[in-house]
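# Observations on chain architecture
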Amino acid sequence: TAYANAQPSAPAYPSRVIRLFVGFAPGGGTDIIARMLGAKLAESWGQQVIVDNRPGATGMIGAAAVARAAPDGYTLLMGHVNSQAIAPSISQKPPYDPLRDFACVAYVGFVPNVLVVRTSTPARNVKELVAMARAHPGEVTFASPGVGSTNHLAGEMFRLANGIDIVHVPYKGSSPAIADMLGGQIVMNFDAMSSVVHYIRQGRMRPLAVTTAERDPQFPNVPTLRELGLPELEVTNWYGVVAPAATPPEIVARLNAELNRIIQLPDVKARLGELGTRTNPMTPDQFTAFLKTEIAKYARVAKAAGVRMD
């Protein structure tokens, strides 16, 4: 018969537990977003989604585990700008290639970075901050939550673009960096909007510019760095789901459609908004093209500024 040679069909995806890896500790932005998306996926597909935290090496430990996993759609990574675009460029021996070893599944959204100073700092805008740095070479400090973070690279881009001598001070995380800035030990920081919005509202920090293409709706009077003549300085903390490289395209397409639906749900959008994250649904091809431009941009900055991490 015509059916004699038919292969038994594989069970429809997903037919078992999905593991969603996070390269950062529980409780941080990446983890919160992964758990929210995982819960919604489990709800709509009737399969458990387990979030597996593998913190360390700015997200590279978790990413490396997923790069080596079976490409069957049951192991995914909550990717982050650090693990997918920055760390592989600045590491001496990266454990994976962010383009070759992964399939881009779904871009989730981004958190704007904002250039802030303490309210008591004499510089009231970017021009005055640059003038202050020129007048006091080597004395203006900028903080970051670690070497190779978006805060660090934004600071290096700002230094190179303006030809000024400002000094990077890395911390173990955002909280101690903010504490020292409020205490007067640090002059400036390109922090994630979600980390500093509270201090801006309290009047303890002054926002001088945002690092996004458009102004931030929360602070419509704060200019973009692009408006101030620094178009290269577009830096955001972004999140996106990726899978091992050879994951079947039909599984990638199914995940993309479902995740794009989830991030546009009113309750998810509202929760992401509370975390300072703006959604921007993309197809897998659009996400791949975006990732290529991000990798190239940060590789250029890292090379020009001599940023290495090991």
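A brief look at the structure comes next. (Residues numbered from 1 in each chain as written. Predicted model: local features only at pLDDT ≥ 70, side-chain atom pairs only at ≥ 80, totals over all residues. Heavy atoms only, no water.)

## Describing the packing of aromatic side chains
Inspection of the entire model under this criterion finds 9 aromatic pairs. Ring centres 5.7 Å apart and planes at 75° place the aromatic pair tyrosine 13 and tryptophan 45 in the edge-to-face group. Placement of the pair is tyrosine 13 in the segment before strand E1 (18–22) and tryptophan 45 in helix H1 (residues 29–45), with a sequence separation of 32 residues. Judged on exposure class, the residue tyrosine 13 and its partner tryptophan 45 are both buried. Members of the aromatic cluster, joined through ring pairs, are Tyr107, Trp238, Phe287 and Phe290. (Phe/Tyr/Trp six-rings, centres within 6.5 Å; stacked < 30°, edge-to-face > 60°. Helix = DSSP H or I, 4+ residues; strand = E, 2+ residues; numbered from the N terminus. Buried < 20%, exposed > 50% of the residue type's maximum accessible area, 1.4 Å probe, protein only.)

## Digging into the layout of surface pockets
Put simply, the largest pocket is a space of about 640 Å³. For the largest pocket, the lining is made up of 27 residues, of which His80, Pro145, Ser174, Ser195 and Asn237 are closest to its centre. Every element with two or more residues in the lining of the largest pocket is listed here: H1, helix H5 (150–162), strand E7 (188–192), helix H7 (193–201) and strand E9 (236–244). The element best represented in the lining of the largest pocket is H1, accounting for 3 residues. Tallied by class, the residues present in the lining of the largest pocket amount to 9 nonpolar, 17 polar and 1 charged. Within this model, the second largest pocket holds a volume of roughly 230 Å³. Surrounding the second largest pocket, 15 residues form its lining, Phe110, Thr212, Ala213, Glu234 and Thr236 being those nearest its centre. Every element with two or more residues in the lining of the second largest pocket is listed here: strand E4 (102–118) and helix H10 (284–305). With 4 residues, H10 is the largest single contributor of residues to the lining of the second largest pocket. Taken together, the residues of the lining of the second largest pocket break down into 7 nonpolar, 3 polar and 5 charged. (1 Å grid on protein atoms, 1.4 Å probe; cavity = no way out; pocket = protein on both sides within 12 Å on 5 of 7 lines; lining within 4 Å. Points joined across faces, edges and corners; volume = space filled by probe spheres on them. Nonpolar A, V, L, I, M, F, W, Y, C, P; charged D, E, K, R; others polar.)

## Focus on unusual backbone geometry
With an omega of -5°, the peptide bond between tyrosine 13 and proline 14 qualifies as cis. Mapped onto the elements, proline 14 comes out in the segment before E1. The residue alanine 57 is not glycine, and still its phi comes out positive at about 55°. On the basis of relative accessibility, which here comes to 40%, the residue alanine 57 falls in the partly exposed class. The backbone of threonine 58 shows a phi angle near 45°, a positive value even though the residue is not glycine. For threonine 58, the position within the fold is in the loop between strand E2 (49–53) and helix H2 (60–67). Threonine 58 sits in the partly exposed class, given a relative accessible area of 26%.

## A closer look at the pairing of E4
Regular strands place their side chains on alternate faces of the sheet. Here E4 lies mainly inside the structure; 17 of its 17 residues are buried. Note that E4 and E9 share 9 bridges and pair antiparallel. Across the sheet, residue phenylalanine 110 finds its bridge partner in E9, namely tryptophan 238. Looking at chain direction, E4 and strand E10 (residues 278–279) are connected through 2 bridges and run antiparallel. Within the sheet, the bridge partner assigned to glycine 109 lies in E10 and is threonine 279. Where E4 meets E7, 5 bridges bridge the pair, whose relative direction is antiparallel. By the bridge assignment, valine 116 is partnered in E7 with asparagine 189. (Pairing = 2+ DSSP bridges.)

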